[in-house]
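Summary of the model geometry
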Amino acid sequence: QAVTLTVSAGGVSSSTTRYVVVASPAAPAANFTNAPLTPSTSTPVTFTSTSTVGAGGSIVRHVWNFGDGSAPVDTGTTPTVTKSFPAGGFNVMLTVTDNLGRQSTKTNQLTVIP
């Protein structure tokens, strides 16, 4: 991208042009943890997004799908959510969106013991 600076004083002008590289921040990378790691039935599980995005970017949306048939939960910029599960195995999925509209998805398996 060409950038030109022009300075004028006393009827005299001077300009210089330089070329700069403008780049987008690195795309988001979805990731999350849960605590406890292996919960028992009806124990609240807290999921925490550990997702990253390059410098200058920000994550503006977290959408959680718990793999239990319930509707996805959009927590916006809040990186945590808590939920209880019945016994079984669940594929929990997090989709993050950055301020440029780019998305990334991560799925982790959760085993809930009786």
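For the structure given in this document, a descriptive report is provided here. Remember, predicted model here, so these are calculated numbers, not experimental data.

What follows concerns the sheet that holds strand β4 (residues 45–49). Strand order in the open sheet formed by 3 strands is β3-β4-β7, and the pairing between neighbours is antiparallel. On the outer flanks of this sheet lie β3 (32–35) and β7 (80–83), each paired with one strand and no other. Strand-to-strand twist across the sheet, computed as the mean angle between neighbouring axes with direction ignored, equals 20 degrees. With 4 bridges joining them, β4 and β7 adopt antiparallel strand pairing. Within the sheet, the bridge partner assigned to Phe47 lies in β7 and is Val81.

To continue, consider the environment of Thr4. Position of Thr4 relative to the elements: it lies in strand β1 (residues 2–9). Considering only alpha carbons, one finds Thr4 and Thr17, 13 residues apart in sequence, at a separation of 4.2 Å. If we skip the residues at most four places from it in the chain, Thr4 touches Ser15, Thr16 and Thr17. In this structure the side chain of Thr4 is engaged in a polar contact, spanning 2.9 Å, whose partner is the side chain of Thr17.

What holds strands together in a sheet is hydrogen bonding between their backbones, with the strands either parallel or antiparallel. Pairing within the open sheet is antiparallel, and its 4 strands lie in the order β6-β5-β8-β9. Where the open sheet ends on each side, the last strands, each with one partner, are β6 (73–76) and β9 (103–112). Ignoring strand direction, the axes of neighbouring strands in this sheet form an average angle of 20 degrees. Across 3 bridges, the pairing between strand β5 (residues 59–65) and β6 is antiparallel. Note that in β6 the partner of His62 across the bridge is Gly76.

Conventions and cut-offs
- Residues numbered from 1 in each chain as written.
- Predicted model: local features only at pLDDT ≥ 70, side-chain atom pairs only at ≥ 80, totals over all residues.
- Heavy atoms only, no water.
- Pairing = 2+ DSSP bridges.
- Helix = DSSP H or I, 4+ residues; strand = E, 2+ residues; numbered from the N terminus.
- Axes fitted to C-alpha atoms, helices over the stretch in contact; angles between N-to-C directions.
- Contact = heavy atoms within 4.5 Å.
- Polar contact = N/O pair within 3.5 Å; in protein donor to acceptor, adjacent residues only side chain to side chain.

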